[in-house]
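Summary of the model geometry
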Amino acid sequence: MSKNRTTSRRDFLKFAGAGSIVLGAAAVPALGASPRESKANAGIGSAKNIIFMVSDGMGLGTLCATQQFLKLKENRSSQWMKIYQDLPAVRSLCETYSTTGLVTDSAAAASCWGIGERIENGVINITPDGRKPVTLLQKMKAARKLTGLVTTATATHATPAGFVANLPARKLQSEIAQQYLERGVDVILGGGWTHFDNNLKNAYQKFGYKIVQNREDLLAVKERQPLLGLFAEKYFPFEIDRINTPELKAFTPTLKEMSQVALEQLSQGSEGFFLMIEGGRVDHAGHANDAAAIILEQLAFDETIATVLSFIEKNPDTLLIITTDHGTGGMQINGVGNDNFETVVPTYFDTNKNFLRLGEFTMSLERLFAESESIKSVTAFRDLVVRVTNLNFKKDDLNSISDVESLQKILPSYTAAGWTSGNHTAEMVEFCAYGPGASLFTPYLRNEQVHANILRAAGLS
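Residues numbered from 1 in each chain as written. Predicted model: local features only at pLDDT ≥ 70, side-chain atom pairs only at ≥ 80, totals over all residues. Heavy atoms only, no water.

**Here we look at the overall build of the chain**
Stated precisely, the cut-off is as follows: Labels follow the DSSP assignment, with helices taken as runs of H or I lasting at least four residues and strands as runs of E lasting at least two, numbered in each case from the N terminus. A simple rule labels every residue: compare its accessible area, found with a 1.4 Å probe on the protein chains alone, to the largest value its type can have, and call it buried under 20%, exposed over 50%, or partly exposed in between. Any two residues whose heavy atoms approach within 4.5 Å at even a single point are treated as in contact. Only the protein chains shown count as cover for residues, and the accessible areas themselves come from Shrake-Rupley with a 1.4 Å probe.
In terms of helices and strands, the chain carries 21 helices and 14 strands. By the burial criterion, 53% of the 461 residues in the chain qualify as buried. In the chain, once contacts between residues fewer than 6 apart in sequence are set aside, the share between residues at least 24 apart is 71%. On the chain, roughly 19700 Å² of surface is accessible, and the fraction owed to carbon and sulfur atoms is 51%.

Structure representation (structure tokens):
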């Protein structure tokens, strides 16, 4: 154990003991929030800055698979796991229900963060009785904080919109884009330029926004001014496709690069800022049951955590939250090898080898499907599958592949990555908080509790 961790634990024990003696057991809140507070989380006062990171659709299986992939391939931990290992962070499990039922969508989930109330799936911050509560971003603006949204989905997707807008349907993305302008979001970076027509872009420019639409122009931004960056017609390409396609790599900024620019812009405000950062395509890879794509999306998100932590090291008055809105797909790494329970005790000796095969894939299933549209023969499609997966298929398995759907059915036996469905899941999700106010988040959370705790951490309630 390092000296810093030893000191943190000593501080923790000292704090817990003093609280019980001086204030009595009744002074300790339910679920043990207060005893987990350390000097690193408590000694600064209110959070001047709040960074809220969302790996959309990330179930616990995805988080674990990414950690396991890094350990096997590079013998290192993810940034998220390093936070748990090395920092006095708070770790919670969070319910993700909506009023629709056990399984939420991104609109209802983000609206819990946006207004602190559970609502119906598909709706953005309008309650079942028709109210339109003031959103978290509006409250931050009222406190004179700068605000920003960064995502690899459309900039007007349900998750970023849930912090800002009030609309009856998440599909109203052009209207969401209009509300972003009306409510003064200072930095907006993502995809979805199709939802910003020329009239709206002209309105943004009239209000002083600089508009950029490629990686080079984004990285050249230095002057502090409102910023609108739109880098794809709809969603960003999957990371597996971006890194393997030179033109996409040159044109499309990474989540890490967008976040760095956003931090440089927003940190110039004297009253602090609120920044939401979303790895939006983790969810889409889960829907597609695409294990190679989901791991690289999660790795891109994880690299962004490192950038955020570098900022926090210089700005300790920053509350960091890292979480997800729900799981998608139910991904798990499953044992492979000698797994016939009727004949032998399973050893799963092929699991590691098969799992690491995902690192040889060079194309997402989404792009593979798009490429297959122009392929005339099944044989040519199979040749493409072998080329982009680098898998040595058994003859019968290869002959069974005629399209992407049939490929999906046999991939788990070759990669050890299995799925429960292509839908959202009802599992509880990871919630990590670090910095001033982190101890407000108890070990067991409901998603609608997060909003109020952020306001308390920022000294706004």
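**Details of the packing of helix α13 (residues 255-266) against helix α15 (residues 291-314)**
The condition is simple: Simply put, an axis is a line fit to the C-alpha atoms, just over the touching stretch for a helix, and the angle between two N-to-C directions goes from 0 to 180 degrees. Relative orientations are named as follows: roughly parallel for angles under 35 degrees, roughly antiparallel for angles over 145 degrees, roughly perpendicular for angles from 65 to 115 degrees, and oblique for any other angle. A clockwise turn of the near helix away from the far one marks a right-handed crossing, whereas an anticlockwise turn of less than a right angle marks a left-handed crossing.
With their axes 8 Å apart at the nearest point, α13 and α15 run at an angle of 25° to one another. In terms of axis orientation, α13 runs roughly parallel to α15. The chirality of how α13 crosses α15 is right-handed. Together, Leu255, Lys256, Ser259, Gln260 and Leu263 of α13 and Phe301, Glu303, Thr304, Thr307, Val308 and Phe311 of α15 make up the contact between the two elements.

**Concerning the side chain of Asn453**
Let me state the cut-off plainly: Contacts described as polar in this section are N or O atom pairs within 3.5 Å, which, within protein, must combine one atom able to donate a hydrogen with one able to accept it, while residues neighboring in sequence count only if both atoms come from side chains.
Counting through the fold element by element, Asn453 comes out in helix α21 (residues 450-457). One polar contact links Asn453 to Arg456, side chain to side chain, over a distance of 2.6 Å. Residues contacting Asn453, with those up to four places away along its chain left out, are Leu440, Phe441 and Leu445.

**Observations regarding the packing of aromatic side chains**
Rules: Planes of paired rings set the category: under 30 degrees apart is stacked, over 60 is edge-to-face and the rest tilted, where pairs are Phe, Tyr or Trp rings (Trp by its six-membered ring) whose centres lie within 6.5 Å.
Applying the stated criterion to the full structure yields twelve aromatic pairs. Their ring planes at 75° and their centres at 4.8 Å tell us that Tyr204 and Tyr209 sit as a pair that is edge-to-face. Each of the two residues, Tyr204 as well as Tyr209, counts as buried. Here Phe231 and Phe236 contribute two aromatic rings whose centre-to-centre distance is 6.2 Å and whose plane-to-plane angle is 85°, an arrangement assigned as edge-to-face. Neither residue differs from the other here; Phe231 and Phe236 are each classed as buried.

**As for the sheet that holds strand β5 (residues 210-212)**
Threshold: When DSSP finds at least two bridges between two strands, those strands are taken to pair.
Ordered by their spatial adjacency, ten strands build an open sheet running β5-β6-β4-β3-β7-β1-β8-β13-β2-β14, and the pairing between neighbours is mixed. The sheet terminates laterally at β5 and β14 (444-446), the two strands that pair on one side only. The mean angle between the axes of side-by-side strands here comes to 15°, regardless of whether they run parallel or antiparallel. The pairing of strand β3 (residues 146-154) with strand β7 (residues 273-279) spans six bridges and is parallel. Bridging across to β7, Leu149 finds its partner in Met276.

**Structural notes on the pairing of β7**
Most of β7 is tucked away, with seven of its seven residues classed as buried. The two faces of β7 match: Phe273, Leu275, Ile277 and Gly279 on one face and Phe274, Met276 and Glu278 on the other face are all buried. Pairing geometry for strand β1 (residues 49-55) and β7, over six bridges, is parallel. For Phe52, the partnering residue across the bridge sits in β7 and is Met276.

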